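Reading the structure
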Amino acid sequence: MATRTDRQSPTLHASDSHDLIRVHGARVNNLKDVSVEIPKRRLTVFTGVSGSGKSSLVFSTIAAESQRMINETYSTFVQGFMPTLARPEVDVLEGLTTAITVDQQRMGADPRSTVGTATDANAMLRILFSRLGKPHIGPPSAYSFNTASVRASGGITVERGAAKTRTVKATFNRTGGMCTRCEGRGSVSDIDLTQLYDDSKSLTEGAFTIPGWKSDSQWTVQVYAQSGFVDPDKPIRAYTKKELQAFLYGEPVKVKVNGVNLTYEGLIPKIQKSFLSKDKEAMQPHIRAFVERAVTFTTCPECDGTRLSEGARSSKIGRISIADACAMEIRNLAEWVRGLDEPSVAPLLTALQQTLDSFEEIGLGYLSLDRPAGTLSGGEAQRVKMVRHLGSSLTDITYVFDEPTIGLHPHDIQRMNNLLLRLRDKGNTVLVVEHKPETIAIADHIVDLGPGAGSEGGTVCFEGTVEGLRAGDTVTGRHFDDRATLKESARKPTGALEIRGASAHNLRDVDVDIPLGVLTVVTGVAGSGKSSLVHGSVPAGENVVSVDQSPIKGSRRSNPATYTGLLDPIRKAFAKANGVKPALFSANSEGACPTCNGAGVIFTDLGMMAGTSTTCEDCEGKRFDSSVLEYHLGGRDISEVLAMSVAEAEEFFGAGEARTPAAHRVLGHLADVGLGYLRLGQPLTTLSGGERQRLKLATHMTEKGGVYVLDEPTAGLHLADVRQLLGLLDRLVDSGKSVIVVEHHQAVMAHADWIIDLGPGAGHDGGRIVFEGTPADLVADGSTLTGEHLAAYVGA
């Protein structure tokens, strides 16, 4: 009998030749006819300065085309419910496999979304408690804080054949686990009425102090004034009990205002719908400030923040309720699940165990399932998304990662590297956009883009091995082995910010003095309590400028000029020079091209197929009406100014006829953070993660504050850009500011005047100060994980 080996052909099978992903002529965003060949079933790392085109090649070209082609395999009916994707601008794409993207976008800030709901661990726990919980209270929905209990009964009409109808009595019951007081949110809001109106005034006198509510013309205000429920000429404090009840809590009802039918609703429910149901980060700054002023959130007194009804909390396995299970650290929960021995639910326990073990494997064992998803950092959110892929049986998949080491301490990077290698060794193609040399070093293949950013990038500077990159004359190659040196002498503090008894999250009554007038770096492994200490204990006020990791929001109409407020002084300068009003120089207002409404392109919706966009023929993509382009400042029209780079604009507005100090100051901040190459009118949707982070930093630098709090400012920064960031931090401190940085990058640690190290571990194992002192003292001490890695980094 022939063996399997005997039957195999000595020659290569035709299918074995398809071992490359071929990209030819990619022109997405700033890519300049890029052509690369990426080996399959290998780990390929894409490097280059921030804005060089890495994400455009990996995410917007390779991953986007793979997703589009997979969507096309579904029926037309199904495609109608899916997002429509346009084909990337590329000549040839061959050898693609199914792509799974794991990006660093933070999870939505929906108050109902938690780590458990985002990973399906909650769903499995609910089934487990519905089977084993005592007393038995109902199906899995009875343990869900997103499901309300519903009871209904009544008559329904049943039609049978021609004109045969009869009424049947029907009842409907659904048992949910939602706490009725907080509606599954875990907290209740209390609105400060003094922030909504001035009760010494009447509605006609402009009693409302809510942003955008003007008494004379705003429709919302007119609904209250002309509703008939209150006297618009009487001060609010003089309202009767009945009037005040209708004013604050009135049920929705139709009223006629100036001959138009509108809906009247009490002020409190109106505010809840208008402001509290929206993501705070998506609000305009003045609206967000109003909400933070007017609304306070406190833990729900009925469910004690667990979000669950009394019934769901009463059902237990042993002595543990589902609320207790979700509040445990995941590593402790995994131990508890491992101790359950119940053959009737063995497959469920195995699946739950694998999911929980995956959390521990990727260094997130310190989280709990009830942790709100919106509070996770970008790095934590990315690793949570990895959980569902680690145990997958699929092979020959292309996994695409966007800087998976963001938010990771050097101690944790090796663990992440092992996971990437494990995914590769299962027969998958792993594509990683990365800046950290520790991860670049494990690559089988490297694609280095550049040489610069924006219009100066978009070409392949190097393809090959790590050794070849080191020897090559590219920006990444030259800086690959860069190591910062410890400061010879640290600055002396001018004072101290005293923190006493800090206990937010996992902090254990921490007492610490943060020195002022110097560069202070707060370090520690992920989950040790750094952000809890800094953001939770440094008092927010007029003197503190805080730049956290929350993403900046922006549509395709937003650009660096609108986001930073730079467009305001530019519009005013144009208006003053030409004797017209500033609104004419806004593509989102009166100056917009009437054909494309200021978008610069015409969008055509093709139903379930990808929509198309074509440059507007009337304005030729300039976005402004032709009459507006006749007005000039310094010999340039507004569209030409928005087409300038930051560096060009800084020179343009710095002297001569176009000299505008307010604009020049903002442009200087953009240049300081390394964004001199960005075009002022470039849509925010085309910016990389690192560029958005620095744009946010530049915006906050325009604020006047004595203390700057920065959360991982090196996120998305190339090795060459870190040096520029250190120079910026030095300039801030030398100008008299105090800078507090939460950071993992060893170059920033080495450059610090003072280091506060938290740990020793994450979650319950952290929350303590394990070291305070200079970087040199930390290296000499060597007793903490941070000290060990910093010593290795500086070669001590």
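Residues numbered from 1 in each chain as written. Predicted model: local features only at pLDDT ≥ 70, side-chain atom pairs only at ≥ 80, totals over all residues. Heavy atoms only, no water.

Given a rise of 1.5 Å per residue, 18 residues ought to cover 26 Å, and the 24 Å separating the end C-alpha atoms of helix α2 (residues 54-71) matches this to within 8%. Remark: the principal bend of α2, roughly 35 degrees, maps to A64. Those residues of α2 that fall on the buried side of the exposure criterion are K54, S56, L57, V58, F59, T61, I62, A63, E65, S66, R68 and N71. (Helix = DSSP H or I, 4+ residues; strand = E, 2+ residues; numbered from the N terminus. Expected span 1.5 Å × (residues − 1). Bend = angle between axes of the 7 residues up to and from the residue. Buried < 20%, exposed > 50% of the residue type's maximum accessible area, 1.4 Å probe, protein only.)

Here we come to the packing of helix α12 (residues 330-338) against helix α13 (residues 346-361). Two quantities define a packed helix pair, namely the angle between the helix axes and the distance between the axes. The interhelical angle for the contact between α12 and α13, taken along N-to-C directions, is 155 degrees, at an axis separation of 9 Å. It follows from the interaxial angle that α12 and α13 lie roughly antiparallel. You can see that α12 and α13 cross each other, and the crossing is left-handed. Of α13, the residues touching α12 (which contributes I330, R331, L333, A334, V337 and R338) are L349, L352, Q353, L356, D357, F359 and E360. For the contact of α12 with α13, a count of residues per class yields 8 nonpolar, 1 polar and 4 charged. (Axes fitted to C-alpha atoms, helices over the stretch in contact; angles between N-to-C directions. Parallel < 35°, antiparallel > 145°, perpendicular 65-115°, else oblique. Left-handed = near helix turned anticlockwise from the far one by under 90°. Contact = heavy atoms within 4.5 Å. Nonpolar A, V, L, I, M, F, W, Y, C, P; charged D, E, K, R; others polar.)

Turning next to the sheet that holds strand β3 (residues 43-47). The 6 strands are arranged β5-β14-β15-β3-β16-β17 in an open sheet whose pairing can be described as mixed. Single-partner strands in this sheet number two, and they are β5 (99-102) and β17 (459-464). Taking the axes of each pair of neighbouring strands and ignoring which way they run, one obtains an average angle of 15 degrees across the sheet. By the bridge criterion, 5 bridges tie strand β16 (residues 445-450) to β17 in an arrangement that is antiparallel. Bridge pairing links G450 to T459 in β17. Strands in contact with helix α15 (residues 410-425) are β3, β14 (398-402) and β15 (429-433); relative to β15, the strand with the most contacts, it is inclined by about 150 degrees. (Pairing = 2+ DSSP bridges.)

Glancing now at the pattern of salt bridges. One pass over the full model with this rule turns up 31 salt bridges. Residue E72 pairs with R68 through a salt bridge whose shortest N-O separation is 2.8 Å. Among the ionic pairs, R723 bridges to D482, the shortest N-O distance being 3.2 Å. With R723 in helix α26 (residues 719-734) and D482 in the loop between α18 (475-479) and β18 (495-502), this residue pair connects regions lying 241 residues apart in the sequence. (Salt bridge = Lys/Arg side-chain N within 4 Å of Asp/Glu carboxyl O.)

Before going further, it helps to spend a moment on the sheet that holds strand β1 (residues 20-26). Strand order in this open sheet of 3 strands is β2-β1-β4, and the pairing throughout is antiparallel. Both edges of this open sheet fall to β2 (34-39) and β4 (92-94), since each of them pairs with a single strand only. Within this sheet the neighbouring strands show an average axis-to-axis angle of 5 degrees, counted without direction. Relative to β1, α2 is tilted by about 115 degrees, and along the sheet it contacts β1, β2 and β4.

The next point concerns the nonpolar core. Counting 69 residues, the largest nonpolar core has I570, I638, F653, L680 and V739 as its most contacted members. Considering each element in turn, this core owes the most residues, 7 residues, to α26. Setting aside its immediate chain neighbours within four residues, V739 contacts V518, L519, T520, Y708, L710, L729, L732 and V733. (Core = buried A, V, L, I, M, F, W, Y, C linked by side-chain atoms within 4.5 Å.)

Looking now at unusual backbone geometry. The amide bond that connects K134 to the next residue, P135, takes the cis arrangement and shows omega of -5 degrees. Note that P135 resides in the loop between α5 (121-132) and β6 (150-159). Put simply, G759 and P760 share a cis peptide bond, and its omega is 0 degrees. Positionally, P760 belongs in the loop between β26 (754-759) and β27 (768-773). One non-glycine residue with positive phi stands out, namely R41, at about 55 degrees. As for its placement among the helices and strands, R41 is situated in the loop between β2 and β3. Residue classification places R41 among the partly exposed residues on the basis of a relative accessible area of 30%. Positive phi, normally seen in glycine, also occurs at E712, with a value near 50 degrees. The topology assignment puts E712 in the loop between β24 (707-711) and α26.

Purely geometric numbers; function is a separate question.
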